[in-house]
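Fold and geometry: a report
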Amino acid sequence: MVRLIFSILVLLVSFSTFAEKLTATVSNNQLAIGVPFDLYLTFEGKISNNSFDSSPLLKDFMVGGTSVSSQQRIINGDASFQTRWTIRLTPKKAGTVTIPSFNLHGVTSKPITLQVSKTPQTQGAKDDSFILNAAIQDESLYPQQTTMLTVTLKLGAPFENAKLTPPTLEGAIIEAAGEDKETQQIIGGRQYRIIERQYRVTPQRSGQFELSPVIFQAEKLENAQGFFRSFGQRQPVVLASKTHQIEVKPIPKHYQGAWLPSEIVDLKEEWQPAKGFKQGEPITRTLTLTALGVRGEALPDITINYPNSLQTYPDKPERKSMMHQGRVVSQLVLSTAIIPGQGGEITIPEVKIPWFNTKRNKVEYATLPERTISVEAVANASPAQPIVQTPAPAQTQPQTPVEPVTIIKTETTLFSWLTYTFAGLWLITGLGWAVHIIYLRKNATFSLEKVTYSSQSDAHWKKVEKTIQQEDWKNLSKALLAWAWQRWPEQQISTLTNIPGWRQHPELDVLLKTVNEAIFSNKRVEIDKKTIQKQILALKTQAKAEHEIQGVLAPLNP
């Protein structure tokens, strides 16, 4: 009897051990930094789909998507269960890494030790169907100095499931710069689709570092055309660009002040009004700091000790970055409201910002010299009052950013018919104007190689201002197009929405729609002239900022 009980217990233990089992396997054991692979974790037995925790993998891997599937099988009345997790992993570093053991429902898997190389083994595309290159602008730079990595991918065969993995650099900020550029080219008799992508690479500390390769993965489709291309043979393709050794030099010990490394730094000021200052009347002073090869966040704050006779109310500094000739350019704009408290001669102190010239390897200064302004005293002038911004009351409905336009509607079928008719005529007129502009472009004799903010552009802008002042709404669109054509002669601008910066001002579309409604319908429409002036002036200000950057960076032009 005892032997029988013992035998039953042995059988139960054996069955339990057989029924519950946890196995870990990988889809590929030839790993490289940045190249993803799959980890399969299979549990034989009944278990919840939420039992798996991926956090132990975060030390050595980036954990992507996780999928889970469950199966139940019944054979000769015996039920068996299987749950499988598929986890997408990407190695973070080269060398030896370990997938740890997992314990689920009291059952433990075996750990897996893997070797990760710095660059992946090239697979497929040995016939130059795909070509990948990456070129770095500077391999020796300073902390917070930005360099550009240009990646060129040439695609000469049909493919699917493509992925381009960006590079990594320890202690650096890497971000895509602008939109991809795409061209077509025939090389060695083969037609290539060429994609160029740029990355901004900004180290944050000094030392010797390695910029990892850019990795391209895809499935090349063999002998497949048209509708049946998805049924063709698939050849895995993995390409890697070369690695780059980056030297980040330490900040010079003798440097004093906020660290600013650059090749070109410029500091300008603008006063509004430019002269004729009066006691108690506000003045706006705008400082613009421009630097090449740094992110906007790296630009230092500007601090000025104004005399006590001036009350000052500085705005929050505005930082922005843009691309110019393949280089990153950043600006800091600081506007300050200044109210003179007394008349007479008032001296504004010098503004001096240190920066390190990375080409000359020396400290230089961006300066605005000390200046004296003359303020007209005003008899019985009351002391200047602080500028207080009163918060707007809470609204229960979302507010449109455009100032309200009052429209008095007249419900008449005839008026509606006339509206559509005249709108069609306006569309025909607009198309004619677009054709006229294109004709003028094709017959223009001046060079388009260098864009300048010319006096002709200013003259066209004055026409825009004149149409608004005279409320000549019929010619407003025409005047804007004429100004844009003169301002950006190298671009094919034939409609208002093609004007650079137009899409950053959606209020203009609403306003122009209202203007057109006033022209082509019999409705009474009140047009807010001040709002139109404000929005169109913002468009011009953006164009002027781009022009100033081009002027500051003139030394970059050959």
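In this report, the structure presented in the accompanying data block is examined. Here the structure is a predicted model, which means the values were calculated and not measured.

1. A word on the sheet that holds strand β29 (residues 351-357)
- Ordered by their spatial adjacency, three strands build an open sheet running β21-β29-β30, and the pairing between neighbours is mixed. Strand pairing shows two members of the sheet lacking a second neighbour, β21 (261-262) and β30 (362-368), which therefore form its edges.
- As paired elements, β21 and β29 share two bridges and run parallel to each other. Paired with Pro261 across the bridge in β29 is Phe356.

2. A word on helix α4 (residues 476-487)
- Over its twelve residues, α4 extends 16 Å from the first C-alpha to the last, a length consistent with the 16 Å expected when each residue adds 1.5 Å.
- Taking burial as the measure, the twelve residues of α4 include eleven buried ones, the bulk of the element.
- Of all the residues in α4, the buried ones are Leu476, Ser477, Ala479, Leu480, Leu481, Ala482, Trp483, Ala484, Trp485, Gln486 and Arg487.

3. Some words on the environment of Ala134
- Mapped onto the secondary structure, Ala134 falls in strand β10 (residues 130-136).
- Residues Ala134 and Thr152, 18 residues apart in the sequence, show an inter-C-alpha distance of 6.3 Å.
- In contact with Ala134, not counting residues within four places along its chain, are Leu149, Thr150, Val151, Val214, Ser241 and His244.

4. Remarks on the packing of aromatic side chains
- Per the counting criterion, the structure on display carries eleven aromatic pairs.
- On the basis of an interplanar angle of 35° and a centroid distance of 6.1 Å, the ring pair of Phe52 and Trp85 is categorised as tilted. A residue pair is termed long-range when its members are at least 10 positions apart, and Phe52 in the loop between β3 (37-44) and β4 (61-75) and Trp85 in strand β5 (residues 78-91) qualify at 33 residues.
- Note on Phe52 and Phe102: the rings are 5.3 Å apart at their centroids and 55° apart in plane angle, and the pair reads as tilted. You can see Phe52 sitting in the loop between β3 and β4 and its partner Phe102 sitting in the loop between β6 (95-99) and β7 (103-104), a full 50 residues away along the chain.
- By relative accessible area, Phe52 is classed as buried at 13%.
- Its guanidinium or amino end placed over the ring of Tyr40, Arg84 lies 4.3 Å from that ring's centre, counting from NZ or CZ.

5. Let's talk about the pairing of strand β27 (residues 327-340)
- Of all 14 residues that make up β27, 14 are buried, and the element is covered over most of its length.
- Neither face of β27 is exposed, since Arg327, Val329, Gln331, Val333, Ser335, Ala337 and Ile339 on one face and Val328, Ser330, Leu332, Leu334, Thr336, Ile338 and Pro340 on the opposite face are all buried.
- As paired strands, strand β24 (residues 283-292) and β27 are joined by ten bridges and run antiparallel to one another. Bridging across to β27, Thr290 finds its partner in Gln331.
- As judged from the five bridges shared by strand β25 (residues 310-314) and β27, these two strands associate in the antiparallel manner. Its bridge partner being in β27, Tyr313 is matched across the sheet by Ala337.
- The pairing of strand β26 (residues 318-324) with β27 spans seven bridges and is antiparallel. Residue pairing for β27: Met323 is matched across the bridge by Val328.

6. Quick notes on the sheet that holds strand β1 (residues 21-26)
- Read from one edge to the other, the open sheet built from four strands follows the order β1-β3-β5-β4, with strand pairing classed as antiparallel. A single partner strand is all that each edge strand has here, and the edge strands are β1 and β4. Geometrically, the sheet is characterised by an average inter-axis angle of 15° between neighbouring strands, direction not taken into account.
- Alignment of β3 against β5, held across eight bridges, turns out to be antiparallel. Counterpart to Leu39 in the pairing with β5 is Ile87.

7. What to know about the nonpolar core
- Within the largest apolar cluster, 32 residues are counted, with the highest numbers of intra-cluster contacts made by Leu260, Val265, Leu267, Leu289, Leu299, Ile302 and Val351.
- Secondary structure elements with two or more residues in this core: β22 (265-272), β24, β27, β28 (344-348), β29, β30 and β31 (371-376).
- Leaving out residues up to four positions away in the same chain, Leu260 has contacts with Tyr255, Val265, Val294, Ala298, Leu299, Pro300, Pro354, Trp355 and Phe356.

Here is what the cut-offs are and how they apply
- Residues numbered from 1 in each chain as written.
- Predicted model: local features only at pLDDT ≥ 70, side-chain atom pairs only at ≥ 80, totals over all residues.
- Heavy atoms only, no water.
- Pairing = 2+ DSSP bridges.
- Helix = DSSP H or I, 4+ residues; strand = E, 2+ residues; numbered from the N terminus.
- Expected span 1.5 Å × (residues − 1).
- Buried < 20%, exposed > 50% of the residue type's maximum accessible area, 1.4 Å probe, protein only.
- Contact = heavy atoms within 4.5 Å.
- Phe/Tyr/Trp six-rings, centres within 6.5 Å; stacked < 30°, edge-to-face > 60°.
- Lys NZ or Arg CZ within 6 Å of the ring centre and 35° of its normal.
- Axes fitted to C-alpha atoms, helices over the stretch in contact; angles between N-to-C directions.
- Core = buried A, V, L, I, M, F, W, Y, C linked by side-chain atoms within 4.5 Å.

Spatial relationships are all this shows, so hold off on functional conclusions.
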